[in-house]
Amino acid sequence: MPAISREEVAHLARLARLAVTDEELGVFAGQLDVILGAVARVGEVAADDIPPTSHVVPVTNVLRPDEPRPSLDRDAVLACAPAAEDGRFRVPRILDEEA
Amino acid sequence: MSELISLTAAETAAKISAGEVSAREVAQAHLDRIGAVDDRIQAFLRVDTAGALKAADAVDQAKAKGEQLGPLAGVPLALKDVVVTNGLETTSGSKILSGWIPPYDATITTRMREAGIVILGKTNMDEFAMGSSTENSAFATTHNPWDLDRTPGGSSGGSSAAVASYEAPLAIGTDTGGSIRQPAAVTGIVGHKPTYGSVSRYGLIAFSSSLDQAGPFGRTVLDAALLHEVIAGHDPCDSTSLDVPVAPVVAAAREGANGDLAGLTVGIVRELGGEGYESGVTAAFTDAAQRLEAMGAKVVEVSCPHFGYALAAYYLIAPSEASSNLARFDSVRYGLRVGDDGARSLEEVMSLTREAGFGPEVKRRIMIGTYALSSGYYDAYYGQAQKVRTLISRDFADAFQTCDVLISPATPTVAFRLGERVDDPMAMYAADLCTLPASLAGVPAISVPCGLSAGLPVGLQVMAPALADDRCYRVAAAVEASYGAPLIASAPAL
Amino acid sequence: MTTTLPPFDDVVARFEPVIGLETHVELGTRTKMFCGCMTDFGSEPNTQICPVCLGLPGSLPVANKAAIEATIRIGLALNCSIASWCRFARKNYFYPDMPKDYQISQYDEPLCFEGYLDITSEGQSYRIGIERVHLEEDTGKTLHVGGATGRIHGATHSLVDYNRAGIPLVEIVTKPVPGIGAKAPEVAKAYVTELRNLVRGLGVSDVRMEQGSLRCDVNTALNLPGADWGTRTETKNVNSLRSVERAVRSEMIRQASVLDGGGRIVQETRHFHEDTGVTTSGRSKEEATDYRYFPEPDLVPLAPDASWVEELRATLPETPSVRRGRLQEAWGVSDHDMDSIANAGAVELIVATIEAGASSEAARKWWLGELARRANETGTELDALPITPAQVAAVAALVDAGRVNDKLARQVLEGVLAGEGDPEAVVVSRGLEVVSDTGALGAAVDEAIAANPDVAQKIREGKVAAAGALVGAVMKTTRGQADAKVVRDLILERLS
Ligand SMILES: [Mg+2]
Ligand SMILES: [Zn+2]
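These numbers were taken from a predicted model, which means no experiment stands behind them. (Residues numbered from 1 in each chain as written. Chains lettered and ligands numbered in written order. Predicted model: local features only at pLDDT ≥ 70, side-chain atom pairs only at ≥ 80, totals over all residues. Heavy atoms only, no water.)

**A word on the coordination of the magnesium ion (ligand 1)**
For a metal with four tetrahedral donors the ideal donor-metal-donor angle is 109.5 degrees, whereas six octahedral donors ideally subtend 90 or 180 degrees. Residues and elements named next belong to chain C. Which entries qualify depends on this criterion: Coordination partners: N, O, S within 2.8 Å of the metal, 3.2 Å for Na, K and Ca; water not considered, so apparent gaps in a site are possible. Secondary structure elements are defined from DSSP: runs of H or I of at least 4 residues count as helices, runs of E of at least 2 residues count as strands, and each element is numbered from the N terminus. For every residue, the accessible area (1.4 Å probe, protein chains only) is compared with the maximum for its type, and the residue is labelled buried under 20%, exposed over 50%, or partly exposed between those bounds.
The coordination sphere of the magnesium ion (ligand 1) contains the protein donors Glu-136 (OE), Glu-136 (OE) and Glu-171 (OE), at a distance range of 1.9 to 2.7 Å. Of the two residues, Glu-136 sits in strand 7 (residues 124–137) while Glu-171 sits in strand 10 (residues 168–174), which places them 35 residues apart along the sequence. Just as Glu-136 is buried, Glu-171 falls in that class too.

**Considering the layout of surface pockets**
Going by this rule: Within this scheme a cavity is a closed region of a 1 Å grid, computed over the protein atoms alone, that accommodates a 1.4 Å probe without allowing it to escape, whereas a pocket is open but has protein on both sides within 12 Å along at least five of seven lines; lining residues each have an atom within 4 Å of a point. Grid points are joined across faces, edges and corners, and a volume is the space filled by probe spheres set on the points. Residues were grouped as follows: Ala, Val, Leu, Ile, Met, Phe, Trp, Tyr, Cys and Pro as nonpolar; Asp, Glu, Lys and Arg as charged; and all remaining residues, including Gly, as polar.
The volume enclosed by the second largest pocket comes to roughly 650 Å³. In terms of lining, the second largest pocket is formed by 29 residues, of which the most central are Arg69(A), Tyr202(B), Pro236(B), Cys237(B) and Gly36(C). Taken together, the residues of the lining of the second largest pocket break down into 16 nonpolar, 6 polar and 7 charged.

**What about the coordination of the zinc ion (ligand 2)?**
Residues and elements named next belong to chain C. Worth spelling out the cut-off: Site shape is set this way: if four donors have all angles between 85 and 135 degrees, tetrahedral; if opposite donors are over 155 degrees apart and all others between 65 and 115, square planar for four donors and octahedral for six; otherwise irregular.
In the first shell of the zinc ion (ligand 2), the protein supplies Cys-35 (SG), Cys-37 (SG), Cys-50 (SG) and Cys-53 (SG), at 2.3 Å from the metal. In this structure, the zinc ion (ligand 2) is coordinated by 4 donor atoms arranged in tetrahedral fashion, with angles at the metal of 100 to 118°. Ordering the donors of the zinc ion (ligand 2) by residue number gives the pattern C-x1-C-x12-C-x2-C. Remark: Cys-53 occurs in the loop between strand 1 (16–26) and strand 2 (63–64) and Cys-37 occurs in the loop between strand 1 and strand 2; sequence separation between them is 16 residues. Summarising the burial analysis for this pair, Cys-37 and Cys-53 share the class buried.

**Focus on the interface of chain B and chain C**
The parts lose accessible area when they come together, and the size of an interface is often stated as this lost area. How we decide: Contacts are residue-level and defined by heavy atoms, with any inter-residue pair within 4.5 Å sufficient. Summed over both partners, the accessible area (1.4 Å probe) lost when two parts come together is defined as the buried area. Salt bridges are defined as contacts in which a side-chain nitrogen from Lys or Arg sits within 4 Å of a carboxyl oxygen from Asp or Glu.
Chain B puts 37 residues into the contact, and the matching count from chain C is 30 residues. Both faces combined, the contact of chain B with chain C buries some 2700 Å², and carbon together with sulfur accounts for 58% of it. Taken as a group, Ser239(B), Arg328(B) and Arg333(B) account for 23% of the area that chain B buries against chain C, more than any other trio of residues on that side. For the pair chain B and chain C, the interface holds 2 salt bridges. Put simply, Arg201(B) and Asp298(C) hold a salt bridge, and the shortest N to O gap is 3.0 Å.

**Focus: the interface of chain B and chain A**
This is how the line gets drawn: Within 3.5 Å is the distance limit for a polar contact, defined as a pair of N or O atoms, with the added protein rule that one can donate a hydrogen and the other accept it, and that residues adjacent in sequence qualify only through two side-chain atoms.
Opposite the 66 residues of chain B that make contact, chain A presents 54 residues. Summing both partners gives a buried area of about 5100 Å² for chain B against chain A, and 70% of it is carried by carbon and sulfur. Taken as a group, Tyr309(B), Met367(B) and Lys387(B) account for 13% of the area that chain B buries against chain A, more than any other trio of residues on that side. Across the chain B-chain A interface, the total number found is 1 salt bridge. Here Glu24(A) ties to Lys363(B) by a salt bridge, and the two come within 2.9 Å at their closest N and O atoms. Summed over the shared surface of chain B and chain A, the number is 15 residue pairs in polar contact (both at pLDDT 80 or more).

**Section: the nonpolar core**
This is how the line gets drawn: In plain words, nonpolar cores are sets of buried Ala, Val, Leu, Ile, Met, Phe, Trp, Tyr and Cys residues tied together by side-chain atoms within 4.5 Å.
Counting residues in each nonpolar core, the largest one holds 279 residues, and the members touching the most others are Leu292(B), Phe396(B), Ile68(C), Leu78(C), Ile172(C) and Tyr191(C). Apart from residues no more than four positions distant in its own chain, Leu78(C) is found in contact with Gly115(C), Tyr116(C), Leu117(C), Ile130(C), Val133(C), Ile172(C), Leu195(C) and Leu198(C). Grouped together as the second largest cluster of nonpolar side chains are 37 residues, Ile350(C), Ala375(C), Ala393(C) and Val412(C) included.

The following block contains the structure:
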């Protein structure tokens, strides 16, 4: 099925927030094509009546009580951040989504 | 070579407990060994001399106060850098986390600290545990002590190399598709991937959540078992952690060392062998099977028809989960930020950061995973892969109807040369051919040395049903005992 | 482009609306959905954060039992079926207020599904179908700096606070509601009002729109009679009950205007503006969002068994509509009046005021009269006014005791709302007590008689009705604080 184009790689990279270079587009297109071609084999065996496995542990309803636990020290956490201001994490301007 | 570094973990702990040697002396001997050989091995990303000596001193003080020491108190350990350590930089082998000092400990880190284990430092690994040679590390290339031109396996190659080169008697690795067993096999040591859910994942930097499992490395089966019992057990901080008793792996390792396997049925998995397997590997494996038979086991051949699809399923499931798990590295809360010049938008800065911070294999897998989860492709890729997972689990269930354990070579080849596969992702992926089925089914599997091929170690993989980790240790210990001394003793001196 | 918008009556004469509502309710659990951090509103930024809700590498979620139970109870109260097995899913998209850059939510396996909520609006009953009720985690809060009025537009940078990140959020999605014509705006508002009352009655959330613990997205579509349903838009930023109604109305009018002009409705997210009452388009994203949902591997499935569900069902209070029926009978009010009480969100306030000692008449009178007027003026909900049912009951007690009259009572309420303290304190500090001391009033009465000799003469001649004018004069000089009955008696006594 696959024949991954540079455009598709570019689309995937956008979805994944990767500013890939032009050169990488070509390399990845080739490699993804090979890899996806190989893994597409999963379609050969798995029939409709086979349930998918998302979790291998046969466990349900793992819940915790609604009891508070200590939070982290704010200054220590913000010290690890690339930028902070006023007790908050500082980020560059966000693309405008509302008009 | 100092006598202290050649001891097993069990012997070291016994000597410390008996007051024959101090934990500090043991720690210092290993720090000295690291100082002497690690420029050639490059197993460690960072050595925590101060932290190690402090932990060793605490053990010595406890001993002085007459406190009862645990079975591994004072034993040094090399910790894979995927495991979070409070106050000690943790990078998962990635530039994007360079300099990150976690404000908390992983559950297994806590357990090891409480057991008096002395953490020497953090070991090199393939970036985010994606790889089979440790060449995908952003920081260093680790060398196999058996042949410095070869890889120590991956992704836990730093940990396997540290143990194999006597820099530490014990190490922690993580195994998502084989990342403990394959490096153990190619460095001639013991490595075990526990039953999924039996060791807490809290504080392991996630690669593929439904597959990741931390486990022990040791130069002997007993050492690995002792470490297994420290790290295993229920953790309320991990929803997938099983609330059941830990399998009696130490007792099983001791029992197996008697070399009596009467009553045990061992299945050779037909699909994990034959074409594509190095002849030396096949020969060593066949020899190991005969040893098992000689020790009283009934050895049969079984077929697991869907194991041939494990690689395809794995390389969909793991990258899919990874594409989501690695989204958080976005330059906002921790880690790298690139290109924030005051004019660029957050979206641009995020993309530039991730582009600069992730290596090619990580980007490749993120894109495969993004593709496999996309609407329109989900059913054909991720959905089908999860069905294959069901079929592989059924193959195991069927085989375990008649067999107590299953065996195979741990890897199709011995350690390959550095650089040999870096440009061929599919060739690199093939290194995990034997280890993937157990990962997908969540069952335990161990790799134990079973001879050499052209002077390089070969690993025997022993797989058991979920929660029956003790069977892996028992059989591995029997194999180990059949050689008299651990094979690692025949590694060339550094 | 400026076009004249068609009047609403004209729109509903020519088009049929279909609406749908997606409501998010922040649960009032003590701790967050997947970690033990506290959920207190208004704490210092980034003080309620831990490795889990900050998405630190290696951290893992564990679900809060109280949140699961609250969600099941909401589902049961909405007549839903409860899934016997379901999973959480990851919804993947990058946004800085989301620490893991995916939201743990539910996708095709909601915890509760296929229910309904019966509502009444203007005497008419409607059954609103509930498609699903699911549980997810809230995001952090972003502050935009450097632009005008804190908007994202024009900001130089933004600041993120993750205190809210990970608070359990229940999403309640209705089925499309067709066939309600001109009533669409009112029905939308009545639904959210009723849902709010129901959730509040369950005690699982304080459901305050102004604090964001109740958030509502409104889907609107228009079609010509007999035609297929139109393309829907999703209006966000609807922050009050009144805005629910206004948003539907405004979006119906806008869509009609677009269709009238030969245009097409684009499926998009729109933002409601409280100040102008109109919706504007969210800038269309470069590409359609692909959330790449997949089952959350870090959480095991949920499988509520029948006995657990029945245990929870047994904890449900009477439904708001049953409760209303009972209260209506007790209070002896008409259907229409009960509707207004409910739509004003006053039922529980009145109940609490009665419990605090007021008569039902007095409780209704003050909440629906003066206080409703004040809420309307300030554009807030009744329960958001800074006055408690106990304080309203205290005002009613002052009136009953004859210590203040109605006019003074309104001033007392004003004082309480202005933060001057309890009613008693306001009476004292503002000096509002009715003066009924005959000695103190005598001078004012004498003054009034002297100033109005003609009127006084008429009363002396037996035209007692004329006394009203003198009473009025006395009330004026005493700034309404005189006891009118005492004044009248004094006047008649002096002029007889
Ligand atoms: Mg939602
Ligand atoms: Zn938290």
